[in-house]
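Chains, contacts and geometry: an overview
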Amino acid sequence: MKKQKKYLLVAGLISMLFFWQQTVDANEFNFAVTPVIPENQIDKTKTYFDLLLARNASQELTIDLANDTNENVTVEIGLNNATTNLNGVVEYGPNEITPDKSLKYKLNDMVEIPDEVTLTPHSSQAITVKIHMPDETFDGLIAGGLTFKEKKAEKTDEKSDGLAITNEYSYVIALLLRENQTPVTPKLNLLTVRADQVNARNVISAKIQNSEATYINQVAVDGTITKKGSTDVLYSISKDEMQIAPNTHFDFPVHLNGKKLQAGTYHIKLDVYGNRADDGTYTRQKEKYTDHWLLEKDFTISGETASRLNQKDVTIKPDHSRLYMLLLFLILLILLLILLLFLKKKRKEDE
């Protein structure tokens with residue numbers, strides 16, 4: 001039986017308004033996770049780590065794990081830099097998103113954690129997270145998360161050929177590290193634009209990069225795609241309430257909604273707004289924002305790419321026109337042959 005694992009993350013970010021949140025019933029867990037907030041926490045009301053540390057400083061954090069069940073529970077512990085997915089949602093757990101080239105400091109090089117911990121029945125245990133800051137001064141923040149997932153044995157069932165979906169729930173505690181609280185000016189770049197697919201549906205994918213060490217919150221995008229040199233809008237999109245993590249990129253998809261890709265050269269224009277504020281300089285749909293970027297780029301779709309993706313798009317109905325033309329041609333050919341045979345036979349009879 002094939003297995004598909006669906007990872008659901010529970011972020012320890014409840015009080016952080018600009019972070020994505022997902023609630024999961026506590027009964028799904030056989031263990032509990034409680035961070036011990038240290039004195040150098042910037043805001044002690046938060047339930048995640050947001051620490052102010054000096055250059056080259058070291059610190060040990062404590063996280064309490066508890067097992068209230070009657071069996072041993074083994075907890076796997078992971079560490080990841082924050083990333084941004086194609087929905088404009090910041091992720092703190094494990095994923096397959098490629099780190100951005102602007103990411104200078106990786107948490108795996110700065111933070112030491114145990115790989116796993118086994119909790120005996122009805123017990124608690126404190127684990128230590130060791131941090132060592134970079135040996136240089138930087139503005140902004142390094143963002144990531146600590147994940148805690150129960151380790152379970154793989155189950156197999158040879159009698160079934162179906163697809164089994166296993167939900168695996170994880171605690172995630174955000175870990176933000178700063179050397180100062182100097183504001184960092186955000187910057188967005190449009191890296192590449194290409195034809196692609198999301199869930200077997202054609203899209204134009206624009207890779208947007210946040211190259212600076214700061215979050216961009218309440219991100220809104222209004223986009224259009226035209227033929228190069230034309231003002232006629234072929235595809236458009238409007239999306240808001242997104243967030244981009246520091247030093248990350250994400251593939252922003254413009255959906256074609258069942259339309260076929262056509263080979264040619266195109267132009268994409270994206271109006272991007274970020275960080276909503278009452279005193280913001282830029283206005284979009286009566287909302288004010290402090291930041292605005294106009295991102296534009298020409299891109300080309302080859303005939304081979306268009307044909308390949310169109311064949312895989314589940315929303316595009318198969319084009320049988322060529323088959324119909326071939327059948328019509330064969331029918332006409334057969335009728336012509338019958339007519340020639342008839343005329344030949346008649347001529348012989350006349351002779």
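So, a few notes on the structure that sits alongside this text. Values in this document were obtained by computation on a predicted structure and should not be read as measured data. (Residues numbered from 1 in each chain as written. Predicted model: local features only at pLDDT ≥ 70, side-chain atom pairs only at ≥ 80, totals over all residues. Heavy atoms only, no water.)

Next up on the list: the sheet that holds strand β13 (residues 188-198). Taking strand neighbours across the sheet as the criterion, the 3 strands line up as β13-β14-β17 in an open arrangement whose pairing is antiparallel. Of all the strands in the sheet, just β13 and β17 (248-255) have a single pairing partner and so form its edges. For this sheet the average axis-to-axis angle between neighbouring strands, irrespective of direction, equals 25°. For strand β14 (residues 201-210) and β17, the ladder comprises 8 bridges, and the chain directions are antiparallel. Looking at β17, one finds that valine 203 is bridged to histidine 255. Docked against the sheet, helix α1 (residues 303-312) engages β13 and β14, running at close to 55° with respect to β13. (Pairing = 2+ DSSP bridges. Helix = DSSP H or I, 4+ residues; strand = E, 2+ residues; numbered from the N terminus. Axes fitted to C-alpha atoms, helices over the stretch in contact; angles between N-to-C directions. Contact = heavy atoms within 4.5 Å.)

The next point concerns unusual backbone geometry. Unusually for a residue other than glycine, glutamine 218 sits at a positive phi of about 50°. Along the chain, the position of glutamine 218 falls in strand β15 (residues 216-227). On the basis of relative accessible area, glutamine 218 is assigned to the partly exposed category, the value being 23%. Phi angles above zero are rare outside glycine, and asparagine 275 is one such case at about 60°. The residue asparagine 275 is located in strand β18 (residues 264-276) in this model. Using a relative accessible area of 16% as the deciding quantity, one classes asparagine 275 as buried. (Buried < 20%, exposed > 50% of the residue type's maximum accessible area, 1.4 Å probe, protein only.)

Attention now moves to the packing of aromatic side chains. Each aromatic ring pair is summarised here by two numbers: the centre-to-centre distance and the angle between the ring planes. Following the criterion strictly, the structure yields 8 aromatic pairs and no others. Pairwise contacts between aromatic rings join Phe29, Phe31, Tyr169 and Tyr171 into one cluster. Across the ring face of tyrosine 266, the terminal group of lysine 227 is positioned such that the distance to the ring centre comes to 4.7 Å. (Phe/Tyr/Trp six-rings, centres within 6.5 Å; stacked < 30°, edge-to-face > 60°. Lys NZ or Arg CZ within 6 Å of the ring centre and 35° of its normal.)

The antiparallel open sheet is built from 4 strands, whose spatial order is β2-β4-β10-β8. This sheet does not close on itself; its edge strands, each paired only once, are β2 (32-36) and β8 (111-112). Judged from the 2 bridges that link them, β8 and strand β10 (residues 123-132) form a sheet pairing that is antiparallel. The residue of β10 that forms the bridge with glutamate 112 is lysine 130.

This part is about the nonpolar core. A general trend in soluble globular proteins is that nonpolar side chains are found buried together. With 45 residues, the main nonpolar core has Phe31, Ile63, Val111, Ile131, Phe148, Leu175 and Leu177 as its most contacted residues. Residue assignment for this core shows that the elements contributing at least two residues are β3 (49-52), β4 (58-67), β5 (73-81), β9 (116-119), β10, β11 (141-150) and β12 (163-178). When residues of this core are assigned to their parent elements, the largest contribution, 8 residues, is made by β12. Apart from residues no more than four positions distant in its own chain, leucine 175 is found in contact with Phe49, Leu51, Leu61, Leu79, Val111, Ile131, Ile142, Ala143, Gly144 and Gly145. Counting 30 residues, the second largest nonpolar core, distinct from the first, contains Leu190, Val221, Val254 and Leu309. (Core = buried A, V, L, I, M, F, W, Y, C linked by side-chain atoms within 4.5 Å.)

Moving on: the pattern of salt bridges. Once the charged atoms of two side chains with opposite charge are near each other, the side chains can pair. Under the definition given, this model contains 14 salt bridges. The salt bridge involving arginine 308 is made with glutamate 304; its shortest N-O contact spans 3.5 Å. With arginine 308 and glutamate 304 both in helix α1 and 4 residues apart, this pair spans about one turn of that helix. What makes glutamate 304 exposed here is its relative accessible area of 52%. Each member of the salt-bridge network shares a partner with another, and the members are Asp222, Asp240 and Arg284. (Salt bridge = Lys/Arg side-chain N within 4 Å of Asp/Glu carboxyl O.)

Functional significance is not addressed by these values, which are geometric in nature.
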